[in-house]
Structures are given as structure tokens and as C-alpha cells.
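# Analysis of the macromolecular model
Each chain is listed here by its residues.
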Amino acid sequence: MSNDTEIRPFRVDMPDEAIADLRQRIAATRWPTQELVADRSQGVQLATIQELARYWAADYDWRRCEARLNALPQFTTEIDGENIHFIHVKSDHDDALPLIITHGWPGSIIEMLGVVGPLTNPTAHGGSAGDAFDLVVPSIPGYGFSAEPAELGWNVGRIAGAWAELMRRLGYARYVAQGGDVGAAVTDAMGRQAPAGLRGIHMNLLLAGLGGGFPSANPSPEERAALDAIAVFRTSGNAYLIEQNTRPQTIGYALLTSPVALAAWMLDHDTDAYYKISRAFLDKQPSGHLTRDQILDNITLYWLTATGASAARSYWENTQAATAAAGKPRPEVKVPVGFTTFPGEIFRAPRSWVEESYPTLTYFNEVDKGGHFAAWEEPELFSTEVRAAFRPVR
């Protein structure tokens, strides 16, 4: 294994041939007939995906996204044998608190771009200089510009260890961590591993709830609503989860062959996000920053980096790790924990469940807008929540 610890500048520069090939493959799509229902119960609706494909092939400009990425300081470095890509933006404010944010699936670093300004330059976004962060946004191995793992074992625990090494390598003796979706699992693992320097964590998805919630003989109205939402997800909305947990290689062939198949797979995640994305294309009505262009920035990133299969494979890795650890006690999270519930999430995590998961909970809030892609959809609100959650640990 290499001992290379160099941090190298990185720039995005996709070849014209790759973009031309993308458009040709979209044009060559063989379409299924229209679904026989009026909702998403059979999957991604034909009208939505055809309009997405039309806009993608005719009007979408990847170079605009490339320029946006290249306007930010990007780097790569080798950690634990893998080449890790990350954005690293230092605040101009003194005493900024270092923060590492981890994306999820089907997201990427794209979903975090809107929070870079509010978090690193809060005085320009309704905050105070004392709220400033130095921001690190890495790409999970196998997602986007980080290398695809060449060996088994890159589960969320190993990623958490790599993130701790990344923060150490950047010279941060104290820092905090945030995540949603897969990023919430990585952030949770960081909290349980308790690396030197970690001072607190914040999450916006309670992964423990997805297992079916917490048993209660007399659930509160909030707990009952969460249980009902989880039941719906587990019976009719988690097809992608089952496939990626158990057979990622199988779906991977489609994800690397057809850009439309990749787009449909990434849209078929949760009900709230699906209908918001559908409206963005069919009605030209974006939800917050969830616009047509930004949705396609994320999908195109997966396509041009050919990481649809490797990202799916990360779910299999986490399932294997969870199975091996079943029944074994996990270390407790001892650092302060913050949590924000967004109303459009797969389920609204009740405070009682968050407290049961994290006895060191120091911040909890329920906000009135935003969903699974909270940082992407509502970057200003998300940033406000992150500032509030970490204010006590500064």
C-alpha cells in the first residue's frame, strides 16, 4: 500500500467526446409503454423521464456545472489506498470551525454546493462572523471523483476513519461533522469511533428508524406518524434499497449502459423528492434549489464518472458490515449531537427516538420545509440549522 500523503489540486475537465456520447445514448433510448396508474406506484412515470431526457439532450449544459465546480478549491489525496476527492473552502473569518459534510445517495458533492457560501461566509447570508466554518466536502469512495474501491471493506466505518485522517492531514486539531442519508451513517460512525479532534456531530436522517422504528406500547402521535411513514417506505418505496443492498452488480450494468436508466434509478428514491423533481421538469416549478439544471448536474456527474455501479455497491458493503456486527454492542456517541427533522424526509424523526439513539443530544429542531435533499433544496435553512447545532461546541 502506498504511503503517499500528498494533497494535490484537482480540476474537472470532461472530454467533449464523453458529452457527445451521452447525448447519443439518450437519443437511442428504447422506451417502455406508459405506466397504467396515475401516480408513481409503478415507478418513475414516462412523462417525467421523457421530459428529463429531452431537456438533458437538447438544453442542458454540463460545462456550466464544470465551471461552478472549478470555481471552488478541489483536491485529491490518497487515504487507506484510495484516491479521495474533496472540496476545501476556508473561511475569511477568524476562528472558523472546521466542518466536514458527507453527502449520500443518490446525491453527491453537487447537493452541497449551495451551502458553501452560507457556511463559510455567514455574514453575507444572515449569520454572524462567529458562525463561520472552514468547509470540507469529500466525495465518498466510488461516488463521483473519488476512486472506485478496488477491494472489499469500504463501508461507512472505514469511510469514517478515512475522514478523520483527512481532517488530521488538513491540520485540523478540532472539528465537527455533518451528514444526511449515507452521510448520516458515516457521521454516526465518526461519533462512535470518537477520533481525536471530533467535537460534535449533526444529522438530518435517523437511520435507526429505518429498521422499523422504536417499539412503544403507547406511541405518541409523532411516533405513530413516523411508524406509518416507515411502513409505507418499507413496503412500497425501498426497491432501490433492496437491490443495492443485495445485487448492486446486476443493476450496475444498466446504470453504466443507459443514461436514462441511470436517471430513472436515481429519481426513484423517495416520494417527496420524486414529485418535486417531476414538477421541476413537467411544470418548470423548482422546489427551492432543486432545479432542472442542478438535478441533471448530479445525474451527469454519476454518468461521466461511471460511478453508478460502484455507488450502488457501497450499499452492499454496508449491509455486509451490519450483518457481521449484528448483536454486538456499539460504542456510544459521547460528543454533543445535533439533529434537524425536515418535513419531506422519508419519515419525520420524533425527538424521543433521537434522544434514545443519542443520549448526548444537545440540539433538536423541526423545520417547516425541505426534504431528503435538505442542503440541496434549502441551503439557507440547512445552513442556519448547522450553525445553531454547532454553536455550543465552538
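### Quick look at the pattern of salt bridges
The final tally for this structure, using the stated rule, is 21 salt bridges. Across the salt bridge formed by Arg-64 and Asp-297, the nearest N and O atoms sit 2.6 Å from each other. Of the two residues, Arg-64 is situated in helix H3 (residues 62-70) and Asp-297 in helix H12 (residues 292-305); the sequence distance between them amounts to 233 residues. Residue class for Arg-64 comes out partly exposed when judged on its relative accessible area of 32%. Given a relative accessible area of 0%, Asp-297 falls into the buried group. One salt-bridge network, held together by shared partners, links Asp-16, Arg-63 and Glu-66.

### Quick look at the nonpolar core
Counting 120 residues, the largest nonpolar core has Trp-62, Trp-105, Ile-299 and Phe-347 as the members making the most contacts within it. The element that contributes the greatest number of residues to this core is helix H5 (residues 156-169), accounting for eight residues. Not counting chain neighbours up to four residues away, the residues in contact with Trp-105 comprise Tyr-143, Asp-181, Val-182, Tyr-240, Gln-244, Trp-265, Met-266, His-269, Tyr-302, Ala-311, Tyr-315 and His-372.

### A word on empty space enclosed by the protein
One way to see where empty space is left: roll a probe the size of a water molecule over the atoms. Tallied over the entire structure, the rule returns six cavities of 30 Å³ or more. There is about 90 Å³ of room inside the largest cavity. Considering the residues around the largest cavity, the lining is formed by 14 residues, among which Glu-111, Met-112, Gly-180, Asn-204 and His-372 are closest to the centre. Each residue belonging to the lining of the largest cavity can be placed in one class, and the counts come to six nonpolar, six polar and two charged. There is about 60 Å³ of room inside the second largest cavity. Lining the second largest cavity we find Pro-106, Met-266, Leu-267, Ile-277, Ile-295, Asn-298, Ile-299, Phe-373 and Trp-376. No other element matches H12, which puts three residues into the lining of the second largest cavity. Taken together, the residues of the lining of the second largest cavity break down into eight nonpolar, one polar and no charged.

### Some thoughts on the layout of surface pockets
By volume, the largest pocket amounts to about 1,300 Å³. Along the wall of the largest pocket there are 41 residues; nearest its centre are Val-156, Ala-185, Leu-207, Asn-318 and Ala-322. Put simply, the parts of the chain that give the lining of the largest pocket at least two residues each are H5, helix H6 (182-193), helix H7 (221-237), helix H8 (239-246) and helix H13 (308-325). Its residues assigned to classes, the lining of the largest pocket shows 25 nonpolar, 10 polar and six charged. One number sums up the size of the second largest pocket: a volume of about 430 Å³.

### Notes on the sheet that holds strand S9 (residues 361-366)
With mixed pairing, nine strands are arranged side by side in an open sheet as S1-S2-S3-S5-S4-S6-S7-S8-S9. The outermost strands of the open sheet, each flanked by one partner alone, are strand S1 (7-9) and S9. Pairwise comparison of adjacent strand axes, ignoring direction, gives a mean angle of 25 degrees for this sheet. Bridge count between strand S4 (residues 97-102) and strand S6 (residues 175-179): four bridges; the pairing is parallel.

About the thresholds
- Residues numbered from 1 in each chain as written.
- Predicted model: local features only at pLDDT ≥ 70, side-chain atom pairs only at ≥ 80, totals over all residues.
- Heavy atoms only, no water.
- Salt bridge = Lys/Arg side-chain N within 4 Å of Asp/Glu carboxyl O.
- Helix = DSSP H or I, 4+ residues; strand = E, 2+ residues; numbered from the N terminus.
- Buried < 20%, exposed > 50% of the residue type's maximum accessible area, 1.4 Å probe, protein only.
- Core = buried A, V, L, I, M, F, W, Y, C linked by side-chain atoms within 4.5 Å.
- Contact = heavy atoms within 4.5 Å.
- 1 Å grid on protein atoms, 1.4 Å probe; cavity = no way out; pocket = protein on both sides within 12 Å on 5 of 7 lines; lining within 4 Å.
- Points joined across faces, edges and corners; volume = space filled by probe spheres on them.
- Nonpolar A, V, L, I, M, F, W, Y, C, P; charged D, E, K, R; others polar.
- Pairing = 2+ DSSP bridges.
- Axes fitted to C-alpha atoms, helices over the stretch in contact; angles between N-to-C directions.

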